[in-house]
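An overview of the molecular structure
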Amino acid sequence: MRIAAQDVDRLSRVLSGCAGATVAASALIVLLTTRRTPAWDVVAVPAAALVTGGLALLLHALPNAGPAVRGTARALGAITAVVGVACLARYPAAGIAAILIGLALVAIDVRIRLRRGAPARFRVADPLLGAAAIVALVALVPRMFAPAFPSGRAPVGVMSAYVASALLALAIGTILARPEAGPLRTAATAGPGTTVRHALPLLVAVPIVAAVVSALAGRAGVSRPVAAISTGAILAALVLLALAGRLVRSLDAADRRQRDLVAQLRDRGEYADTLLQSINEAVMVLDANYRVLDVNQRWHELSGRPPEDELGRRPDGLPPIRAGEWIGEWQVRRPDGADVPVLATMAPIPDAEGQPRGYVATYVDIADRKRAEQALTERAGELERSNVGLREANTRLEQALAFKNDLTSMLTHDVAQPISSIASLAELLAADWAELPEDIRLELATKIDKNTRRLIKMMNDLQLLFRLDTGTVTARRTPVPLREMAESVAADTAPEAEIDIDDELAALADRGHLEAVLQHLLTNAVAYGDAPVQVRAWRLGEGVELMVQDRGPGIPEELVPRLFDRFARGAGLGLFIVRHLVEANGGSVRYERAEPRGARLVVALEEAAVRG
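Basis of the calculations
- Residues numbered from 1 in each chain as written.
- Predicted model: local features only at pLDDT ≥ 70, side-chain atom pairs only at ≥ 80, totals over all residues.
- Heavy atoms only, no water.
- Helix = DSSP H or I, 4+ residues; strand = E, 2+ residues; numbered from the N terminus.
- Areas by Shrake-Rupley, 256 points an atom, 1.4 Å probe, with all protein chains shown as cover.
- Phe/Tyr/Trp six-rings, centres within 6.5 Å; stacked < 30°, edge-to-face > 60°.
- Buried < 20%, exposed > 50% of the residue type's maximum accessible area, 1.4 Å probe, protein only.
- Pairing = 2+ DSSP bridges.
- Axes fitted to C-alpha atoms, helices over the stretch in contact; angles between N-to-C directions.
- Contact = heavy atoms within 4.5 Å.
- Parallel < 35°, antiparallel > 145°, perpendicular 65-115°, else oblique.
- Left-handed = near helix turned anticlockwise from the far one by under 90°.
- Nonpolar A, V, L, I, M, F, W, Y, C, P; charged D, E, K, R; others polar.
- Expected span 1.5 Å × (residues − 1).
- Patch = residues over 30% accessible without salt bridge, like charges linked within 9 Å, V, L, I, M, F, W, Y side chains within 5 Å.
- Salt bridge = Lys/Arg side-chain N within 4 Å of Asp/Glu carboxyl O.

For the protein, the count of helices and strands is 16 helices and 14 strands. Counting every atom, the protein has about 35500 Å² of accessible surface; 59% of that belongs to carbon and sulfur.

Set out below in structure tokens:
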């Protein structure tokens, strides 16, 4: 039956504390009883070392001791070592044992690593305590055999039996003071097959115990000294033979278990390798220094490199290495320079302390998915371009429908009126030609001519409108003297217009376009405004501005945003044609409200020098 770990700890500390208290109390009693006696000089210094050592051991054995208690215990241990140094001159064996025990009490919690990278498990105090125990046993055993020798021939001890026993008790108690590494915990937690290994110290102790039994038998007179010594030797030999046989059987069993474990490890290794090679994803196993330990066949296929080229080296282009798992898209470079898109995962393999002892990198080939995504993206782009084209075509259809409706409305009203007037006047003139006076016939013919010209102008505007709508209007820009052009247009459209333009001022534009623009502006001013109508022009920076202004009521605010649209304001196509012709010549047109009243339309064009 195995002993609970807590019970082992408690028992170990109790035994250690009892040993320390007993040694300290007995040494203190010796000091008090030998005070003022000749024996004081002999026992004072060794007893003082035993008192401080026993107290230090007692403090170390206390459960849940705080830093102050442990510091006091280490200080008492240091004092024990110092007192041991004082004993060296007179009692060298006792002094050496006291120094070793004192140093062990100081370094009882100090552990070191025996090799780099291994956990700190070796206790510095263990070899010190072992040496102190050997010194005490060497001094103690001869004392036990003294009665077995003739008078005057007994072996001489290197220290008194009491001091040797007390030092041995301190050494054993110090070992038990830390139960997590003591012999009781080792015995309690040992598994099958470890009994002989943990009983090896008994091989050393058996001869000593046999000698002690022989000495006690000789002291008690149970047998003669030779018989006692022989009995002890035989007993020791028998125990050693029994332990040797048990050791052989244990070694055989351990060897069988080791072979079984090796076979299991080989099977597990083969299974792990088969599992690694059968994984469909590319897998790379790395050590803590990021060097490749193993790769599977899928990695060879993905990277295009054989496994032997990867093993033992740090690969190029590793995914990000972090404390936790990382997953994301990555690129694997092949020997031919091609990059394979992959979905990479980089996960650490923690050790018992949670630190990375290695890493596992997995790669999933997503080249097909990327190509599908690219195809989908291109298809989506084509669909979007098709949708844009459809929207543009729909917009053009809507504009064409609006143009047709506007054109139908204009033809219904604006074109039908002059045609109807011409028809009526021509019918009247033809029917009553003989009866009509000469002046009436002239007046009717003049009206027919006026409506005919109006209709021709409207047809010309429609033709120009169709050309503007299809984008076939092009400008051949040349220097156009503005005053000459304004006087020519105003003579036919607005003879009463006031013209204020410098003779040297010219614009770079298509003359026909500019004449049509000014004709429409003057016609609009005469039709919707009041006199006087003014035509002015001036320089502005590197351009010129041509203005037509009337004194009428101006344009209502709600019509201004759509003033230059097609069929706006019920004035036909004039201002719409003006805007497009001006823009075709690289200029712009705007509306301004004149003060105190009236409308002002301003055309901005590039300036040109007039040819001499």
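Taken as a whole, this structure holds three aromatic pairs when the rule is applied. Residues tyrosine 290 and tyrosine 359 carry aromatic rings whose centres are separated by 5.3 Å and whose planes lie at 45° to one another, so their mutual orientation is tilted. Here tyrosine 359 lies in strand E7 (residues 356–365) and tyrosine 290 lies in the loop between strand E3 (282–287) and strand E4 (292–295), a separation of 69 residues in the sequence. Look at tyrosine 290 and you get partly exposed, because its relative accessible area is 23%. Between tryptophan 299 and tyrosine 363 the ring centres are 5.0 Å apart and the planes differ by 40°, which places this aromatic pair in the tilted class. With a gap of 64 residues between them, tryptophan 299 in helix H11 (residues 297–303) and tyrosine 363 in strand E7 connect regions that are remote in the sequence. Comparing tryptophan 299 with tyrosine 363, the two get one shared label, buried.

What follows concerns the sheet that holds strand E11 (residues 534–540). Strand order in this open sheet of five strands is E9-E11-E12-E14-E13, and the pairing throughout is mixed. The sheet is open, and its two edges are formed by strand E9 (498–500) and strand E13 (588–593), each paired on a single side. The mean inter-strand angle of the sheet, taken between neighbouring strand axes irrespective of direction, is 20°. The pairing of strand E12 (residues 543–549) with strand E14 (residues 599–606) spans seven bridges and is classified as antiparallel. The residue bridging valine 548 from the neighbouring strand is leucine 601, located in E14. Sheet contacts for helix H14 (residues 482–493): E9, E11 and E12; angle to E9, the most-contacted strand, approximately 175°.

Moving on to the packing of helix H4 (residues 92–106) against helix H6 (residues 161–176). For the pair H4 and H6, the least separation of the axes is 11 Å and the interaxial angle reads 20°. Classed by the angle they form, the pair H4 and H6 counts as roughly parallel. As H4 packs across H6, the resulting crossing turns out to be left-handed. Contacts from Ala94, Ala97, Ala98, Ile101 and Leu105 of H4 reach H6 at Val163, Leu167, Leu170, Ala171 and Thr174. A per-class count over the contact of H4 with H6 returns nine nonpolar, one polar and no charged.

Taking 1.5 Å of rise per residue, twelve residues should cover 16 Å, and H14 covers 16 Å from first to last C-alpha, within 8% of that figure. For H14, the elements touching its buried residues are strand E8 (478–481), E9, strand E10 (506–509), helix H15 (511–528), E11 and E12.

Below, the discussion takes up the environment of proline 315. Tracing the chain through its elements places proline 315 in the loop between H11 and strand E5 (326–333). Look at proline 315 and you get buried, because its relative accessible area is 9%. Apart from the residues lying within four places of it in its own chain, the contact partners of proline 315 are Met284, Leu286, Tyr290, Val292 and Glu310.

Reading across the sheet, the five strands line up as E4-E3-E7-E6-E5 and stay open at both edges, with antiparallel pairing between neighbours. With partners counted over all chains shown, the strands left at the sheet margins are E4 and E5, one partner each. Across the sheet, the mean angle separating the axes of adjacent strands is 30° when strand polarity is ignored.

Residues alanine 531 and proline 532 are joined by a peptide bond in cis, for which omega reads 0°. If you trace the backbone, proline 532 turns up in the loop between H15 and E11. The omega torsion of the bond from glutamate 595 to proline 596 falls at 5°, within 30 degrees of zero and hence cis. Even without a glycine there, the phi angle at tyrosine 290 is positive, about 65°.

A surface patch of nonpolar side chains, amounting to about 230 Å² of accessible area, comprises Val85, Leu88 and Ile96. When you line up the elements, leucine 88 lands in the loop between helix H3 (67–87) and H4.

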